[in-house]
Amino acid sequence: MARRQACSSLQQLSITVTLVALILALPTHNAEAGGRKGSKSQSNKVKIQNIRSSSDESAAERDRRLYRECKGRPNSGACAGYTNKR
């Protein structure tokens, strides 16, 4: 008889543990965040800043270099638009 009670207790314990695990696995709902219109939600996006290298050339420097290097070359590829002085 004591054995039957021990088995029953173990079954009840396992059922209880399973139910607690299922309850904890359920998603939680935040009533404030989803219920109000116009509320700002925080974004999880990471903002990436583009940092130029100290060796990068500016747009004006690149234009001057391409005009200088593309003299007399065909107007295609990297020299497209840089063969004639403006």
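In this text the structure is predicted, and so the values were computed from the model without any measurement.

Undergrad: Run through the state of the cysteines, naming residues and quoting values.
TA: Throughout the structure, instances matching the rule amount to one disulfide. Disulfide partner of Cys70: Cys79, at an S-S distance of 2.0 Å. The S-S bond linking Cys70 to Cys79 shows a torsion near -75°; that makes this disulfide left-handed. Cys70 sits in the buried class, given a relative accessible area of 1%. Accessibility expressed as a relative area gives 8% for Cys79, which makes it buried.

Undergrad: Now, about the pattern of salt bridges: what can you tell me, with residues and values included?
TA: Taken as a whole and assessed by the stated rule, the structure comprises two salt bridges. For Glu57, the salt bridge is made with Arg65, and the minimal N-O distance between the two is 2.8 Å. Judged by relative accessible area, which is 32%, Glu57 ranks as partly exposed. The exposure class of Arg65 is partly exposed, given its relative accessible area of 24%. With a shortest N-O distance of 3.2 Å, Arg65 and Glu69 are connected by a salt bridge. Of this pair, Arg65 and Glu69 both sit in helix α3 (residues 59-69), four residues apart, which is roughly one turn of the helix. With relative accessibility at 39%, the residue Glu69 sits in the partly exposed group. When salt bridges with common partners are traced through the structure, they connect Glu57, Arg65 and Glu69 into a single cluster.

Undergrad: For the confidence of the model for the chain, give the residues involved together with the corresponding values.
TA: Of the residues in the chain, 74% have a pLDDT of 70 or more, and the chain-wide mean is 78. Helix α2 (residues 31-35) is the least confidently modelled element of the chain, averaging 52 in pLDDT, while α3 averages 89, the highest of any element.

Definitions and cut-offs
Counting from 1, residues in each chain are numbered in the order their sequence is written. Restriction of local features to residues with pLDDT of at least 70 applies here, the model being predicted, together with a cutoff of 80 or more for giving and counting side-chain atom pairs; totals for whole chains, interfaces and linings are based on all residues. Side-chain calculation: all heavy atoms of the structure are included, whereas hydrogens and water are not. A pair of cysteine sulfur atoms is labelled a disulfide when the two atoms are within 2.5 Å. Summary of the burial criterion: residues with accessible area below 20% of their type's maximum are buried, those above 50% are exposed, and those between are partly exposed, where the area comes from a 1.4 Å probe applied to protein chains only. Salt bridge criterion: a side-chain nitrogen from Lys or Arg within 4 Å of a carboxyl oxygen from Asp or Glu. In this description a helix means any DSSP run of H or I spanning at least four residues, a strand means any run of E spanning at least two, and both kinds are numbered starting from the N terminus. Residue-level confidence of the predictor is what pLDDT reports, using numbers from 0 through 100.

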